[in-house]
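Below are the chains, spelled out letter by letter.
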Amino acid sequence: MQLTDLTLLELAAKLASGEVTSVEATQACLARISQVDGKVKAFLRLDERGALAAAEASDARRKSGNPHGPFDGVPVAVKDIFLTEGVETTCASRILKGFVPPYDATPVRLLKEAGMPILGKLNQDEFAMGSSNESSAYGPCHNPWDVTRTPGGSSGGSAAALAAREVFGTLGTDTGGSIRQPAALTNTVGLKPTYGRVSRYGVISYASSLDAPGPMARTVGDVAALMKVLARHDPLDSTSAPADVPDYLADLEQGVAGLKLGVPREYFVEGMDPEVEASVRSALKEYERLGATLVDVSLPHTKYALATYYLLAPAEASSNLARYDGVRYGHRARDVKGLKDMYGMTRDEGFGPEVKRRIMLGTYALSAGYYDAYYLKAQKVRTLIREDFTKAFAQVDALVTPTSPVPAFKLGEKVNDPLSMYLMDVCTLPCNLAGLPGLSLPCGFTKAGLPIGLQLMGRPFDEAKLLRIARAFEREHDFTRRLAPI
Amino acid sequence: MKLTVEQVRHVATLARLSLTPEEEERYATQLSAILDAVAQLQELDVSGVEPTSHATLASSLLREDVTRPSLPPEKSLANAPAKVGTSFAVPKILE
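Residues numbered from 1 in each chain as written. Chains lettered and ligands numbered in written order. Predicted model: local features only at pLDDT ≥ 70, side-chain atom pairs only at ≥ 80, totals over all residues. Heavy atoms only, no water.

1. Some points on the overall build of chain B
Stated precisely, the cut-off is as follows: Secondary structure elements follow DSSP: runs of H or I no shorter than four residues count as helices, runs of E no shorter than two count as strands, and numbering proceeds from the N terminus. Partly exposed describes any residue whose relative accessible area lies between the buried limit of under 20% and the exposed limit of over 50%, with all areas from a 1.4 Å probe on protein chains only and scaled to the type maximum. The contact criterion used throughout is that any non-hydrogen atoms of two residues lie within 4.5 Å. Only four residue types enter the charge count, namely Lys and Arg as positive and Asp and Glu as negative; His and the chain termini do not. Where a charge lies is defined by one atom per residue type, namely NZ (Lys), CZ (Arg), CG (Asp) and CD (Glu).
What chain B contains, in helices and strands, is 3 helices and 2 strands. In sequence order, chain B lays out its α and β elements as α-α-α-β-β. Summarising its shape, the C-alpha atoms of chain B cover approximately 55 × 45 × 25 Å along the three principal directions. Looking at chain B residue by residue over its 95 residues, the buried ones come to 31%. Considering only contacts in chain B between residues 6 or more positions apart, those separated by 24 or more positions represent 33%. Of the charged side chains in chain B, 9 are positive and 13 negative, and the gap between their average positions amounts to 12 Å.

Okay, here's the thing in structure tokens:
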């Protein structure tokens, strides 16, 4: 077994026992990246020097008996949407090419304070807008299970780097499923925390009322470990929740006996891949065998979630992305005739097609005469979707659904059909509209060897229970132990 | 709902995007298809339903009104495409 095949928790144990040093682990990751990333394209840029310096500092702390907690020295990497002081951050967009942030995003700062070397910045859809990582201005990321296919998006690089065993843990963000869908397509585990649980400070905004940074890793325990580092109130983010933070590793092995798991009938959508449905149904039976009670529930407004999301998220994006005007940072168009021309040309040159499409859609939905019919209406439907969840959670502890209706599709297959691409988020985005925690874990493979994901959704701030439910399934199967053939 | 190229051009002006004629045509087609799909919301009666702007926040959280250090000018200006002294420079608006 190679060092990079270890899980995050296994490596942490070896670091604690002195069997392995952080420098050795970091060098093993860099060697693995050098070996496979030419095919995967998970990294947009490496910070080799910074990661090795952090690893050396970690080893020195270990040697003197003062590690910064249990994960000191474990190498990780972060999606390019997170600001990293002194390291170029582009959000996979041409408009931010060359931008070097003057400070760290809070989740990045917390990783550093935990002593975790950050190997570099991971590929993603431009400004997190997409479900296949194909809208990255720097080229698509490839799925380590089949490099002709997408790893999902927008946190495609965060998922692919894990599946390719280039790194032990990653950060992603989830606005409509961007942590969970790529986790499902790459046989990894991804947690979208409750809105407000993990700080958004220094995370480049897409749709502010929906964006949720969160951890991704290869096993449920590893995700729980990262949540221990990331979950806390941040006074720098006015939407950060001052809620109590449990020990996510403490109750992980408690099992599901006595829990009630809801199965919302609306999530088994028309057009779902039969192999995905079969795996998810099989997982449901497994939960029953493990002592959970399955409860048939209905979330009647689910069918309106896609339309609601694709009005609200672009509306917020059109506002958030107004800041990219070529004045303070990023790209500026040359040879312009005055200020207005500079704005227009800068933005036209800097943004890719998907970003422009969503800015246009959002601007239209917010414009005079259409605000009530589109934006306000969607905000009201969002209330109905939230109420559906509230009623469901009065009956059950968590909901179990497919994560993605299909396994990883071929790169290029949906890129010219925005509506077909938007359907990839159909199972994940209601969770964002309601601000709830959601987790995706591996639950099987298709006959062609493509991973299938199972989604769990919970009550606000109930991430610990989701991790416990996920772990109960993981313990019975070897899915998270299977290695991608790369 | 069919969006015309003129409407696309108007929205692009509002969004500060200088689109090419090809982009205007493409977005007219694609945005029309998306607006047709989201028109499904119109079948719902939402009279009396309060809008949700943030799913989990009961109210805005305010910081204490005290001064704190901010980024020094050299850091704020470090990524500026053009600058003059301690200011961001932009093309002239007035001759």
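2. Some thoughts on the layout of surface pockets
Residue and element names in this part refer to chain A. Which entries qualify depends on this criterion: Put plainly, a pocket is an open set of points on a 1 Å grid over the protein atoms alone with protein on both sides within 12 Å along at least five of seven lines, a cavity is a set where a 1.4 Å probe fits but cannot get out, and a lining residue has an atom within 4 Å of a point. Grid points are joined across faces, edges and corners, and a volume is the space filled by probe spheres set on the points. Polar here means any residue other than Ala, Val, Leu, Ile, Met, Phe, Trp, Tyr, Cys and Pro, which are nonpolar, and Asp, Glu, Lys and Arg, which are charged; Gly is therefore polar.
Estimated volume of the largest pocket: approximately 510 Å³. Forming the boundary of the largest pocket are 21 residues, of which Leu-83, Phe-99, Tyr-103, Arg-323 and Tyr-329 lie nearest the centre. A per-class count over the lining of the largest pocket returns 12 nonpolar, 4 polar and 5 charged. Each pocket or cavity is described by its volume, and for the second largest pocket that value is around 320 Å³.

3. Let's talk about the pattern of salt bridges
Residues and elements named next belong to chain A. Just so we agree on the cut-off: The term salt bridge refers to a side-chain nitrogen of Lys or Arg lying within 4 Å of a carboxyl oxygen of Asp or Glu.
Scanning the entire structure with this criterion turns up 31 salt bridges over all chains. With a shortest N-O distance of 3.2 Å, Asp-80 and Lys-121 are connected by a salt bridge. Within this pair, whereas Asp-80 is found in the loop between strand S2 (76–79) and helix H4 (106–113), its partner Lys-121 is found in strand S3 (residues 118–122), the two being separated by 41 residues in sequence. Asp-80 gets classed as buried once you look at its relative accessible area, which sits at 0%. Relative accessible area serves as the criterion here: at 1%, Lys-121 is assigned to the buried category. Ionic pairing is found between Arg-357 and Glu-354, a salt bridge with its closest N-O pair at 2.5 Å.

4. Topic: the interface of chain B and chain A
This is how it is decided: Accessible area that two parts lose when put together, with a 1.4 Å probe and added across both, is what the buried area reports. Each polar contact in these results corresponds to two N or O atoms within 3.5 Å; when the atoms are within protein, one needs to be able to donate a hydrogen and the other to accept it, and residues that are neighboring in sequence are counted only if both atoms are side-chain atoms.
Facing the 51 residues of chain B at the interface are 68 residues of chain A. Summed over both partners, the interface of chain B with chain A buries about 5200 Å², with 66% contributed by carbon and sulfur atoms. Our count for the contact surface shared by chain B and chain A stands at 3 salt bridges. Two residues, A:Glu85 and B:Lys75, come together in a salt bridge whose shortest N-O distance is 3.5 Å. On the surface where chain B and chain A come into contact, there are 23 residue pairs in polar contact (both at pLDDT 80 or more). Only helix H1 (5–14) and helix H2 (21–38) of chain B provide two or more residues apiece to the side of chain B that touches chain A. The element contributing the most residues to the side of chain B that touches chain A is H2(B), with 9 residues. Broken down by class, the residue content of the side of chain B that touches chain A amounts to 33 nonpolar, 10 polar and 8 charged.

5. Some words on the nonpolar core
All names here are of chain A. Heads up, the condition is: For the purposes of this section, nonpolar cores are sets of buried Ala, Val, Leu, Ile, Met, Phe, Trp, Tyr and Cys residues that join through side-chain atoms within 4.5 Å.
Judged by nonpolar contacts, the single largest core of 166 residues is most densely connected at Leu-111, Met-116, Phe-127, Tyr-287 and Phe-389. When residues in this core are grouped by element, the largest group, 10 residues, is from helix H9 (residues 305–320). Here Tyr-287 is in contact with Val-256, Leu-261, Ala-292, Leu-454, Leu-456, Ile-469, Ala-470, Ala-472 and Phe-473, once residues within four sequence places are set aside.

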